[in-house]
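Spelled out from the first residue to the last, the chains are:
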Amino acid sequence: MRIKKELIAEYNGKKIYSFFLSNGKGLSAEILNYGGIIKRLIYKNTDICLGFDTFEDYLTNDDYFGAIIGRNANRIVNSEFNINGKKYKLTSNSGKDNHHGGINGFDKKIWEAELVEDEEASLILKTTSEDGEEGFPGNLTVKVTYTLTEDNGIKIHYEAESDADTVVNLTNHTYFNLNGHEKGDILNHSLFLYSDFYTPNGDNETTNGEILSVKGTVFDFNEESSFKNRILSSDKQIIASSGIDHNFILNGSGYRKVGFVKGDKSGIAMEIYTDRDGIQVYTANEILGNRVCKGNALYKRYSGVCFETQAFPGNLKFSHFPSSILKKGEKFNSVTSYKFI
Ligand code: BGC
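Residues numbered from 1 in each chain as written. Predicted model: local features only at pLDDT ≥ 70, side-chain atom pairs only at ≥ 80, totals over all residues. Heavy atoms only, no water.

Engineer: So what's going on with the overall build of the chain? Which residues, and what values?
Structural biologist: Scanning the chain from terminus to terminus reveals two helices and 28 strands. Computed over its C-alpha atoms, the radius of gyration of the chain comes to 19 Å, within 12% of the 20 Å expected for a compact globule of 341 residues. Its C-alpha atoms put the chain at 50 × 45 × 40 Å along the principal axes. Split by element, the accessible area of the chain, about 13,700 Å² in all, is 47% carbon and sulfur. Separation between the mean location of the 39 positive side-chain charges and that of the 46 negative ones in the chain comes to 1 Å. (Helix = DSSP H or I, 4+ residues; strand = E, 2+ residues; numbered from the N terminus. Rg over C-alpha atoms; globule rule 2.2 N^0.38 Å. Areas by Shrake-Rupley, 256 points an atom, 1.4 Å probe, with all protein chains shown as cover. Lys, Arg positive; Asp, Glu negative; His and termini not counted. Charge placed at Lys NZ, Arg CZ, Asp CG, Glu CD.)

Engineer: Mind laying out the pairing of strand β26 (residues 305–310), listing which residues take part and the relevant values?
Structural biologist: Burial analysis of β26 places six of its six residues in the buried class, the great majority of the element. The two faces of β26 match: Val305, Phe307 and Thr309 on one face and Cys306, Glu308 and Gln310 on the other face are all buried. Pairing between strand β17 (residues 175–176) and β26: two bridges, direction antiparallel. Bridge pairing in β26 places phenylalanine 176 opposite valine 305. In the sheet, strand β25 (residues 278–282) pairs with β26 via five bridges, with the strands oriented antiparallel. The residue bridging isoleucine 279 from the neighbouring strand is threonine 309, located in β26. (Buried < 20%, exposed > 50% of the residue type's maximum accessible area, 1.4 Å probe, protein only. Pairing = 2+ DSSP bridges.)

Engineer: Any chance you could break down the site of the ligand for me, citing the residues and the numbers?
Structural biologist: Every residue lining the ligand is accounted for by Tyr64, Arg75, His99, His100, His173, Glu205, Asp245, Gln280, Tyr282, Glu286 and Glu308. Within the side chain of arginine 75, one N or O atom sits 2.9 Å away from an oxygen atom of the ligand. A distance of 2.6 Å separates an oxygen atom of the ligand from a polar atom in the side chain of glutamate 308. When the free accessible area of the ligand is taken as 310 Å², the share hidden by the protein chains comes to 93%. Each residue belonging to the shell around the ligand can be placed in one class, and the counts come to two nonpolar, four polar and five charged. (Near = heavy atom within 4 Å. Polar contact = N/O pair within 3.5 Å; in protein donor to acceptor, adjacent residues only side chain to side chain. Nonpolar A, V, L, I, M, F, W, Y, C, P; charged D, E, K, R; others polar.)

Engineer: Can you tell me about the pattern of salt bridges, naming the residues and giving the values?
Structural biologist: Opposite charge on two side chains permits pairing when their charged atoms draw close. Inspection of the entire model under this criterion finds 21 salt bridges. Among the salt bridges present, the one from glutamate 133 reaches lysine 109, with a minimum N-O distance of 2.9 Å. Linking glutamate 133 in the loop between β12 (121–129) and β13 (140–148) with lysine 109 in the loop between β10 (98–99) and β11 (112–117), this pair joins segments that are 24 residues apart in sequence. Given the relative accessible area of 21%, glutamate 133 is considered partly exposed. Its salt-bridge partner being lysine 257, residue glutamate 271 comes within 3.2 Å of it at the nearest N-O pair. Residue glutamate 271 is found in strand β24 (residues 269–274), and its partner lysine 257 is found in strand β23 (residues 256–262); the two are separated by 14 residues along the sequence. On the basis of relative accessible area, glutamate 271 is assigned to the buried category, the value being 12%. By relative accessible area, lysine 257 is classed as partly exposed at 30%. (Salt bridge = Lys/Arg side-chain N within 4 Å of Asp/Glu carboxyl O.)

Engineer: How would you explain the packing of aromatic side chains if you had to name every residue and give the values?
Structural biologist: For any pair of aromatic rings, the description rests on two quantities: the centre-to-centre distance and the angle between the ring planes. Considering all chains together, one arrives at 25 aromatic pairs under this definition. Ring geometry for tyrosine 11 against tyrosine 34: centres 6.3 Å apart, planes inclined by 90°, an arrangement best described as edge-to-face. Of this pair, tyrosine 11 sits in strand β1 (residues 3–11) while tyrosine 34 sits in the loop between β3 (27–32) and β4 (38–43); the two residues are 23 residues apart in sequence, bridging distant segments of the chain. Note on tyrosine 11: relative accessible area 27%, which makes it partly exposed. Classification of tyrosine 34 by relative accessible area gives buried; the value is 4%. For the pair phenylalanine 52 and tyrosine 58, a centre-to-centre distance of 5.2 Å together with 80° between the ring planes defines the contact as edge-to-face. Under the relative-accessibility criterion, phenylalanine 52 is labelled buried at 2%. Here a set of aromatic residues connected by ring pairs shows up, and it is made of Phe52, Tyr58, Phe65, Tyr175, Tyr282 and Tyr299. Above the ring of phenylalanine 20, the side-chain terminus of lysine 4 is found at 5.0 Å from the ring centroid. Over the face of the ring belonging to tyrosine 17 we find lysine 5, whose NZ or CZ atom lies 4.3 Å from the ring centre. (Phe/Tyr/Trp six-rings, centres within 6.5 Å; stacked < 30°, edge-to-face > 60°. Lys NZ or Arg CZ within 6 Å of the ring centre and 35° of its normal.)

Nothing here speaks to function; it is all geometry.
Printed below as a string of structure tokens:
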């Protein structure tokens, strides 16, 4: 048996479950139907994602540990955008900006869930988002399928459809620490990214419309580098964000390998595959270390790193960025996988 579920709480009249999946080859996961949160990801007996112990802890998950993010990953400047000449005003939850879907984003939804054991073990999560929710137009139906693959990957398949033109840009906010979630910082992890360009940040970690070459900058990961080399630099962009919190433009198109990361102590490595155009590399700059987390771990700045595959932030404002608008009747269909070695 590679799947099972366990009732862990009742919340707002709904049952909250932990779903356990295993690929029978050393990779297993615990995922909640609350926020689609990946709570544990265990490879070679090492739990490689940050999280909390109890469901109640996740009710104040301000760092978005493990969660599905929607309708829109990242920030929408001034919480507003236009579609078909009409202006939409969103809720604001990061200064004047809308961040990770708003006040009650998909990370706080209780998803319908179904475990499936075929050749591979999967968890299918479904939810809806009503027209006007957090200010977004259109009734949206969403399906996210997590699969533990035979080749030791966790594959995330995102699907969505709307009855009106809207914004859809879904991602997952898992913080990885390949040495083990409780083993300190990721500064000596190394990263390789197939990315020749990035979008620098303006105010409040939002993009300013520029596309810059990474060549000769701390953002060039075309040669494998430790995070430490880049984060402890005097680069203005790094100083302004207290680390990396930037959108990298991924080379190529279609589903492809876009990078890999290595833990220095465990020897565990992770390959990243996606069909998206961009990835937010976020080195947990805002984790402040004053909260007891999973297994009594005290996380702090740089305890983990997120690889949030996404549309370029600011695309609703800057028309030279590929758009995240999903047209009525069209399907958002995207896959991102993290594969462990
Ligand atoms: C954002 C950061 C933010 C973090 C936690 C990341 O996806 O890029 O700016 O601090 O999420 O909210």
